[in-house]
Protein chains: 2
Amino acid sequence: MKEVLPVFNSAVSIDCVLFGFDGGELKILLIERNEEPFKDWWALPGNLVGENESVDQSASRILHELTGLSDIYMEQYYTFGEVDRHPQGRVITVAYYAMLRLGGDKALKPLTSYAKKAQWINVKELPKLGFDHQHIFDKGLEKIKRRIKHLPIAFELLPEKFTLTQVQNVYELILGKKLDKRNFRKKILSFKVLKELDEKQKGVSFRAATLYKFDKRKYAKLFGKEISF
Amino acid sequence: MKEVLPVFNSAVSIDCVLFGFDGGELKILLIERNEEPFKDWWALPGNLVGENESVDQSASRILHELTGLSDIYMEQYYTFGEVDRHPQGRVITVAYYAMLRLGGDKALKPLTSYAKKAQWINVKELPKLGFDHQHIFDKGLEKIKRRIKHLPIAFELLPEKFTLTQVQNVYELILGKKLDKRNFRKKILSFKVLKELDEKQKGVSFRAATLYKFDKRKYAKLFGKEISF
DNA sequence: ATATACTGTGTATTTATTACACTAAGTAAT
DNA sequence: ATTACTTAGTGTAATAAATACACAGTATAT
């Protein structure tokens, strides 16, 4: 116990929706909790905001603890503040999402104590989540759906070199609908952020597609402008 | 003083950017503080989140205390969580904005103790604000700029009956640029949320413009779709 | 009657969006 | 070598949306 002014009676936490694209599926990173409340339940990675870190720093720390990754752009998208959302007291949580480039299944580090394990799970097959985390996830997905229509954030999920079909897959998974191939290519190339490489896809049992990479400088300029899918 | 678990050592507050349109100007409601810290400074209306209210409820309460208005749609837009943003302890603040219909200068109620006075102030002539409130305001304005391009939220600032020129003025003030009259009208009417009335503007010393009102039902349907200016 | 100040309207051009289907190229199996 | 298979890659026409641009009409004030 600790003595404080009566107004300092709440806690603030961070929860993260970490998106990854792997094996043709859109996934998020979930942890299996090792602590009460919701011990043994799946949940979004999250933690209390420390006394000496900003909420942004806290989000980056959580990401780093789980994946070893730093310098990832994390977008704060909503703060959830229902009175009873946490069974042990007043905890208001600030939600962030990030788009991660998964290189296979790496990017998972030794875990901190509050989690038994962490796993990338297809967003179409999510288990039951503790707290109000299903709701937090739903809002996050909604958010990136809206965002991907205006900004080509999909590239952040892809490996450095990718095919146009892969880009289209990501769009279709996030938006939840099929897109026309020719129109999609016309549009995505019209942003002029993609560089065609002198290189083809490898290890496929059919005609290999041309690889592209994206031009970070031009891409950065696009933030500011808005574009649509 | 109060004894709590050590993690419950922070406070959460709400700050509100309340937009109004009056006398051809875009204004926000500011208070002059009557308490430390920043006593006698101008600041955004805000308060601590109570133990038994959600953050959304808290925002509505603050609006109600200052203006007497209820049932106003308030949009949460960002949470500010720098370690040192409040001089007296760890206070994380959740920012909301709302668009209000000002009927002249009414809509200001007897004030709560923490404020000496409240006043609608032109966004182009803001005084120096306490805390990080200038930053919070800047983000809020940015947010409605982006939002007004997609949704016709401007009507929420206007009186029940308005002219198309008034609508255009609001857009120009928020976006900070001039728009073409014919194109603006074509576009705004194409949404089909405006009803032309059999009535003209009164009390002007020139040709009176036709009044319109907006159709809340059709307007509600537009949320969901996205449109652009 | 005249000056003033704002209202209200149309068209042509350019740009973006949508709808739509086949051939080309590589791989795998026989 | 032939064939079957699978995905890559491409163009055009039709429609819709965005932009650029200027002047006559009408109420008011003097």
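Residues numbered from 1 in each chain as written. Chains lettered and ligands numbered in written order. Predicted model: local features only at pLDDT ≥ 70, side-chain atom pairs only at ≥ 80, totals over all residues. Heavy atoms only, no water.

The name given to chain A in an unreviewed UniProt entry is NUDIX hydrolase, with the source organism recorded as Pedobacter boryungensis.

(A) Fine view of the protein's contact with DNA strand D. DNA strand D sits among 18 residues. The nearest are K181(A), T210(A), N183(B), K186(B) and K187(B). Within the side chain of N183(B), a nitrogen or oxygen atom sits 2.9 Å from a base nitrogen of DNA strand D. Looking at the surface near DNA strand D, the elements that each hand over two or more residues are α4 (181–190) of chain A together with α4 (181–190) of chain B. Split by residue class, the surface near DNA strand D holds four nonpolar, four polar and 10 charged. (Near = heavy atom within 4 Å. Polar contact = N/O pair within 3.5 Å; in protein donor to acceptor, adjacent residues only side chain to side chain. Helix = DSSP H or I, 4+ residues; strand = E, 2+ residues; numbered from the N terminus. Nonpolar A, V, L, I, M, F, W, Y, C, P; charged D, E, K, R; others polar.)

(B) Quick look at the relation of the copies chain A and chain B. Under the fitted operation, chain A is carried onto chain B by 0.0 Å of movement along the axis and a turn of 180 degrees, and the coordinates agree to an RMSD of 0.1 Å. Viewed as a symmetry operation, the transformation between the two copies matches a two-fold axis. Take the interface residues of chain A: 100% of them recur as interface residues in chain B, which is what a same-surface contact looks like. (Least-squares fit on C-alpha atoms with pLDDT ≥ 70 in both. Contact = heavy atoms within 4.5 Å.)

(C) The packing of aromatic side chains, seen in detail. Counted according to the given criterion, the structure contains 16 aromatic pairs over all chains. Ring geometry for F38(B) and W41(B): centres 4.9 Å apart, planes at 80 degrees, overall edge-to-face. Note on F38(B): relative accessible area 23%, which makes it partly exposed. One aromatic cluster is present, built from ring pairs that chain together F38(A), W41(A) and F131(A). Sitting over the face of the ring of Y78(A), K139(A) holds its NZ or CZ atom 4.4 Å from the ring centroid. (Phe/Tyr/Trp six-rings, centres within 6.5 Å; stacked < 30°, edge-to-face > 60°. Buried < 20%, exposed > 50% of the residue type's maximum accessible area, 1.4 Å probe, protein only. Lys NZ or Arg CZ within 6 Å of the ring centre and 35° of its normal.)

(D) View of the interface of chain A and chain B. Listed by partner, the interface residues are 37 residues for chain A and 37 residues for chain B. In this assembly, chain A packs against chain B so that about 3200 Å² is buried in total across both faces, 56% of it on carbon and sulfur atoms. At the junction of chain A and chain B, the tally comes to zero salt bridges. One can count 14 residue pairs in polar contact (both at pLDDT 80 or more) joining chain A with chain B. At the level of elements, β1 (2–4), β2 (11–22), α1 (55–67), β6 (74–80), β7 (91–100) and α2 (133–150) of chain A are the ones that each hand at least two residues to the side of chain A that touches chain B. (Buried area = accessible area lost by both parts, 1.4 Å probe. Salt bridge = Lys/Arg side-chain N within 4 Å of Asp/Glu carboxyl O.)

(E) Fine view of the nonpolar core. One finds I14(A), L18(A), M74(A), I14(B), L18(B) and M74(B) to be the most contacted residues of the largest nonpolar core, which totals 46 residues. Setting aside residues no more than four positions away along its own chain, L18(A) makes contact with K27(A), I28(A), L29(A), P45(A), L63(A), M74(A), A98(A), L100(A) and W120(A). (Core = buried A, V, L, I, M, F, W, Y, C linked by side-chain atoms within 4.5 Å.)

(F) Inspection of the environment of I31(B) at higher detail. Residue and element names in this part refer to chain B. Relative to the helices and strands, I31 is located in strand β3 (residues 25–33). Between the alpha carbons of I31 and L175 there is a distance of 25 Å; along the sequence they are 144 residues apart. Beyond its immediate sequence surroundings of up to four residues, I31 is in contact with W41, W42, A43, L44, P45, L66, Y114, A115, K117 and A118.

(G) Structural view of the protein's contact with DNA strand C. Surrounding DNA strand C, one finds 18 residues, the nearest of these being K186(A), K187(A), K181(B), R207(B) and T210(B). A breakdown of the atoms of DNA strand C within 4 Å of the protein gives sugar and phosphate a share of 41%. Here a base oxygen of DNA strand C and a side-chain polar atom of K186(B) are 3.0 Å apart. Contact distances for DNA strand C include 2.6 Å between a base oxygen and a side-chain N or O atom of R207(B). Among the secondary structure elements, those contributing two or more residues to the surface near DNA strand C are α4 of chain A together with α4 of chain B.

(H) A look at the pattern of salt bridges. Residue and element names in this part refer to chain A. On inspection of all chains with the given rule, the structure shows 27 salt bridges over all chains. Between R147 and E75 there is a salt bridge, with the nearest N and O atoms lying 3.6 Å from each other. Of this pair, R147 sits in helix α2 while E75 sits in strand β6; the two residues are 72 residues apart in sequence, bridging distant segments of the chain. Among the charged side chains, a network of salt bridges with common partners joins E32, D40, K116 and K117.

(I) Geometry of the confidence of the model for chain A. Scored by pLDDT, chain A has a mean of 90; 92% of the residues are at 70 or more. As scored by the predictor, the complex reaches a pTM of 0.94 and an ipTM of 0.92. (pLDDT = per-residue confidence, 0-100.)

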